[in-house]
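Residue-level structural notes
Okay, here's what each chain looks like letter by letter:
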2 protein chains.
Amino acid sequence: MTVKIGILGYGNLGKGVEFAIQQNDDLELVAVYTRRDPTSVKIATEGVEVRPAANLETGDEPIDVLIICGGSATDLPEQTPKYAALYNVVDSFDTHARIPEHFANVDAAAQQAGKTALISCGWDPGLFSLNRLFGNCFIPQGKDYTFWGKGISQGHSDALRRIPGVADAKQYTIPVPEALEAARSGKNPELTTREKHTRECWVVLEEGADPAAITEQIVNMPNYFDEYDVEVNFISQEELDRDHSAMPHGGFVLRSGQMASGDSSVIEYSLKLESNPNFTSSVLVCYARAIARLSAEGVTGAKTVFDIAPAYLSPFDGEYLRAHML
Amino acid sequence: MTVKIGILGYGNLGKGVEFAIQQNDDLELVAVYTRRDPTSVKIATEGVEVRPAANLETGDEPIDVLIICGGSATDLPEQTPKYAALYNVVDSFDTHARIPEHFANVDAAAQQAGKTALISCGWDPGLFSLNRLFGNCFIPQGKDYTFWGKGISQGHSDALRRIPGVADAKQYTIPVPEALEAARSGKNPELTTREKHTRECWVVLEEGADPAAITEQIVNMPNYFDEYDVEVNFISQEELDRDHSAMPHGGFVLRSGQMASGDSSVIEYSLKLESNPNFTSSVLVCYARAIARLSAEGVTGAKTVFDIAPAYLSPFDGEYLRAHML
């Protein structure tokens, strides 16, 4: 079964989906849909059209799954329910606190239209969520630890750039090695926010801006920086562009606890990614495959990674998987 | 929904299942079934009966799932198909090469009887298999690495004990730290058998046995030891019992490769277990919960961990899982 895929939005994630499709022979990119002028969007795949997003509204575009590559703040809350009424869809909605609301909206639209939708896919939420679930099942009495990084946090980089006097900035979230070791110890330590992560800032100042005053503003910024040990570095735009343009990320999910017999178990899952959007996209296309299959089986409504049997993610059949991967 | 569980076989794994049920309020141990004289088997749970395995043959025992805790060499190939014709069952069949044949036998029996059966559950096969599958999906062009240990290998310990002149023995499989680091590097190294693991033997000699001759036999034993760097230690039975009676285990599954864009991704999954059988049992009872639910939904036949949507493993409902773990 070939799965015909449409990409809505051609930013870092949309480009990543295009790359990921190249590594999966059973997936076919049908079109990239954009809200921009389609003639202004150049994509990498030859022979594939860029079409106006408005074309999707007929519900007639020849795609099995639409992968919606918008932002969680404003795009996805509107787009995913809208397009789930017209197509099978996958999104990477990552505002954890608003997932129940988003799920309900998408589920209602998809159920009514007989479509299948997967929300909040990627690695967190996504693969990290799976490992939190597995960990809590297999070690029912224990503690969860999630560490992020070393990697670029878009949210924290944006927060730096909103400070008057800051021309540009990148922020790395870095797990504290001693905290990671403590979580791995099997002793279920309590770890504070400050103990778990440090934050490393690379800041380009506007002309005449006062570095001392800006450092003060950064380290005291509520929610974003005030509970962390923060390192602030001032560099030129050239240096920022040269040394901090990549989008690495990753992290660790641990579950640690005691069996009823008293012996400890520790489960650790980690990712080390040179490109956050390209790996995320690779996860999205596998779940798009799963959604196409579930839809073909008559399953409808909103799903999350928790609802997808792992075999649906693979291009191989059950017999192959049992013989080679079990 | 309370899931009523029967345990067949009361060795280390059966005892572990009994422990694991204590940590899951929705699971109830109904009875332990044994081929031994039931009066000779003392179990830990008050008020629960030990019954003859023969009682199971009526198909009328009041259980939702039978967890079959026998050995893979001779018990499970016979027991799992037999009991899958009478009850929903879960086993931990771990002879990788014979999984396709075992699956077919169990599937035929379960399909005919309208029962649901999960085979090859635990951590390898089981959780490690899931991570091999996930890794191959999300990093389609890459390499797999599985490391086991540090932990007791029953198969290798048994092989030592079969040598004439050996009174008792334990064997630890130990990952080589440098190989683990190489696998983590994202450079997809080729690693030989010898480079990946070392084998540490603790041997009690019979009176008059020649340690040099036995060391020679061990290090040259085909398949088990000849391809590894092996350390042989001779100790007394008292020392073996005092220092090597625990059953720790664990290991690492890595998948490393390049996205179409050329950037590397590394996924690592690891377990560190003070008790191999007790953690394995904790996994088994979660899959027993899933099998009971699938059976209630009318799903029949043989399944593996690849076929089970993660949400089925948890005592919590979808709404709770989305709000707390996604």
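A brief structural summary. These numbers were taken from a predicted model, which means no experiment stands behind them.

1. Notes on the overall build of chain A
Within chain A one finds 11 helices and 14 strands. Residues counted as buried form 57% of the 326 residues belonging to chain A. When contacts within chain A are restricted to residue pairs at least 6 apart in sequence, long-range pairs at least 24 apart make up 69% of them. Here chain A has roughly 13,100 Å² of accessible surface; of this, 48% comes from carbon and sulfur atoms. Averaging the coordinates of the 27 positive side-chain charges in chain A and doing the same for the 45 negative ones gives two points 3 Å apart.

2. Overview of the packing of helix H1 (residues 12-22) of chain A against helix H10 (residues 276-296) of chain A
Residue and element names in this part refer to chain A. Between H1 and H10, the shortest axis-to-axis distance is 7 Å and the interhelical angle comes to 60 degrees. Looking at the two axes, H1 sits oblique to H10. Here the hand of the crossing between H1 and H10 comes out right-handed. The residues of H10 that touch H1, namely those facing Asn12, Leu13, Gly16, Val17, Phe19, Ala20 and Ile21, are Pro277, Asn278, Thr280, Ser281, Ser282, Leu284 and Val285. Considering only residue class, the contact of H1 with H10 consists of 8 nonpolar, 6 polar and no charged.

3. Description of the sheet that holds strand S14 (residues 301-303) of chain A
Residue and element names in this part refer to chain A. What the 7 strands build is an open sheet, ordered S3-S2-S1-S4-S5-S6-S14; its pairing is parallel. This sheet does not close on itself; its edge strands, each paired only once, are strand S3 (49-52) and S14. Neighbouring strand axes in the sheet, compared pairwise and without regard to direction, differ in orientation by 25 degrees on average. Sheet analysis places strand S1 (residues 3-8) next to strand S2 (residues 27-34), joined by 6 bridges and oriented parallel. Within S2, the residue paired with Ile5 across the bridge is Leu29. The sheet contacts of helix H3 (residues 99-113) involve strand S5 (88-91), strand S6 (116-118) and S14, and relative to S14 the element is tilted by about 140 degrees. Here H10 sits on the sheet in contact with S1, S2, strand S4 (65-68), S5 and S6, set at roughly 155 degrees to S5.

4. Notes on the relation of the copies chain A and chain B
Two copies of a chain can be linked by a rotation about an axis combined with a shift along that same axis. Mapping chain A onto chain B is achieved by rotating through 180 degrees and translating by 0.0 Å along the same axis, at an RMSD of 0.0 Å. Seen this way, the second copy is the image of the first under a two-fold rotation axis. Of every C-alpha in chain A, the one belonging to Ala309 of chain A sits nearest the axis of rotation, 1.9 Å from it. With an isologous cut-off of 70% or more, the 100% of interface residues of chain A that recur at the interface of chain B puts this contact in the isologous class.

5. Considerations on the pairing of strand S9 (residues 166-175) of chain A
Residue and element names in this part refer to chain A. Within S9, 9 of the 10 residues are buried, which leaves the element mostly enclosed by the surrounding structure. Of the pairings in the sheet, the one linking S9 to strand S10 (residues 197-205) comprises 9 bridges and is antiparallel in character. Bridging across to S10, Asp168 finds its partner in Val204.

6. Examining the environment of Thr192 of chain A
Within the secondary structure, Thr192 of chain A is located in the loop between helix H6 (177-184) and helix H7 (193-196). Each C-alpha atom of the pair Thr192 of chain A and Pro310 of chain A lies 34 Å from the other, and the pair is 118 residues apart in sequence.

7. A short note on the nonpolar core
By size, the foremost hydrophobic cluster in this structure holds 156 residues, and its most contacted members are Phe138, Phe279 and Tyr287 of chain A together with Phe138, Phe279 and Tyr287 of chain B. Contacts of Phe138 of chain B, omitting those with residues within four sequence positions, involve Leu127, Phe279, Ser282, Val283, Cys286, Tyr287 and Leu313 of chain A together with Met259 and Ile267 of chain B. Grouped together as the second largest cluster of nonpolar side chains are 14 residues, Cys201, Met221, Phe225 and Tyr228 of chain A included.

8. With respect to the pattern of salt bridges
Scanning all chains against the criterion turns up 34 salt bridges over all chains. In this structure, Glu268 of chain A and Arg184 of chain A form a salt bridge, with 2.8 Å as the shortest nitrogen-oxygen distance. Placement of the pair is Glu268 of chain A in strand S13 (residues 264-273) and Arg184 of chain A in helix H6, with a sequence separation of 84 residues. Accessibility expressed as a relative area gives 8% for Glu268 of chain A, which makes it buried. For Asp243 of chain B, the salt bridge identified is with Arg242 of chain B, shortest N-O distance 2.8 Å. Judged by its relative accessible area of 42%, Asp243 of chain B is partly exposed. By relative accessible area, Arg242 of chain B is classed as exposed at 61%. A single salt-bridge network, built from bridges that share partners, covers Glu49, Arg51 and Glu61 of chain A.

9. With respect to empty space enclosed by the protein
If you roll a probe as big as a water molecule over the atoms, it shows you where there is empty space left. Inspection of every chain in the model, using the stated rule, returns 4 cavities of 30 Å³ or more. Its volume calculated, the largest cavity comes out at about 60 Å³. Residue lining of the largest cavity: Leu127, Leu130, Asn131, Phe134 and Tyr269 of chain A together with Asn131, Phe134 and Phe138 of chain B, and that is the complete set. Of all the secondary structure elements, the ones that give two or more residues to the lining of the largest cavity are helix H4 (127-138) of chain A together with helix H4 (127-138) of chain B. Per-element accounting of the lining of the largest cavity gives the leading share, 4 residues, to H4 of chain A.

10. Considerations on the pairing of strand S2 (residues 27-34) of chain B
All names here are of chain B. For S2, a buried count of 7 out of 8 residues is recorded, marking the element as mostly surrounded by other parts of the structure. You can see the chain leave strand S1 (residues 3-8), run along helix H1 (residues 12-22) and come back into S2, and the turn it takes is right-handed. Note that S2 and strand S3 (residues 49-52) share 4 bridges and pair parallel. Of the residues in S3, the one forming a bridge with Tyr33 is Arg51.

11. Regarding the sheet that holds strand S8 (residues 151-152) of chain A
Residue and element names in this part refer to chain A. Read across the open sheet, the 4 strands follow the order S8-S9-S10-S11; overall the sheet is mixed. Among the strands making up the open sheet, the edge pair consists of S8 and strand S11 (229-234). Contacts from helix H8 (residues 211-219) reach S9, S10 and S11, with the element oriented near 150 degrees to S11.

12. Considering the interface of chain A and chain B
Taken together, the contacts link 65 residues of chain A with 65 residues of chain B. Summing both sides of the interface, chain A and chain B together bury roughly 5,600 Å²; the carbon and sulfur share of this comes to 66%. Inspection of the region where chain A meets chain B yields 0 salt bridges. In this structure, the connection of chain A to chain B is made through 26 residue pairs in polar contact (both at pLDDT 80 or more).

13. Remarks on the side chain of His244 of chain A
Residue and element names in this part refer to chain A. When you line up the elements, His244 lands in the loop between helix H9 (237-243) and strand S12 (249-258). Given the relative accessible area of 8%, His244 is considered buried. For His244, the side chain forms a polar contact with the side chain of Tyr172, separated by 2.7 Å.

14. Points about the packing of aromatic side chains
A full pass over the atoms with the stated rule returns 11 aromatic pairs over all chains. Between Phe316 of chain A and Tyr320 of chain A the ring centres are 4.2 Å apart and the planes differ by 20 degrees, which places this aromatic pair in the stacked class. In this structure Phe316 of chain A comes out as partly exposed when scored by relative accessible area, which is 37%. Residue classification places Tyr320 of chain A among the partly exposed positions, given a relative accessible area of 30%. Taken together, the aromatic side chains of Trp123, Phe128 and Tyr269 of chain A together with Trp123, Phe128 and Tyr269 of chain B make up a single cluster linked through ring pairs. It is Lys196 of chain A that lies over the ring of Phe147 of chain A; its NZ or CZ is 5.3 Å from the centre.

Rules and cut-offs
Residues numbered from 1 in each chain as written. Chains lettered and ligands numbered in written order. Predicted model: local features only at pLDDT ≥ 70, side-chain atom pairs only at ≥ 80, totals over all residues. Heavy atoms only, no water. Helix = DSSP H or I, 4+ residues; strand = E, 2+ residues; numbered from the N terminus. Buried < 20%, exposed > 50% of the residue type's maximum accessible area, 1.4 Å probe, protein only. Contact = heavy atoms within 4.5 Å. Areas by Shrake-Rupley, 256 points an atom, 1.4 Å probe, with all protein chains shown as cover. Lys, Arg positive; Asp, Glu negative; His and termini not counted. Charge placed at Lys NZ, Arg CZ, Asp CG, Glu CD. Axes fitted to C-alpha atoms, helices over the stretch in contact; angles between N-to-C directions. Parallel < 35°, antiparallel > 145°, perpendicular 65-115°, else oblique. Left-handed = near helix turned anticlockwise from the far one by under 90°. Nonpolar A, V, L, I, M, F, W, Y, C, P; charged D, E, K, R; others polar. Pairing = 2+ DSSP bridges. Least-squares fit on C-alpha atoms with pLDDT ≥ 70 in both. Core = buried A, V, L, I, M, F, W, Y, C linked by side-chain atoms within 4.5 Å. Salt bridge = Lys/Arg side-chain N within 4 Å of Asp/Glu carboxyl O. 1 Å grid on protein atoms, 1.4 Å probe; cavity = no way out; pocket = protein on both sides within 12 Å on 5 of 7 lines; lining within 4 Å. Points joined across faces, edges and corners; volume = space filled by probe spheres on them. Right-handed = clockwise from strand over helix to strand, strands pointing away. Buried area = accessible area lost by both parts, 1.4 Å probe. Polar contact = N/O pair within 3.5 Å; in protein donor to acceptor, adjacent residues only side chain to side chain. Phe/Tyr/Trp six-rings, centres within 6.5 Å; stacked < 30°, edge-to-face > 60°. Lys NZ or Arg CZ within 6 Å of the ring centre and 35° of its normal.

From the geometry alone we can't say anything about function, so treat these as descriptive.
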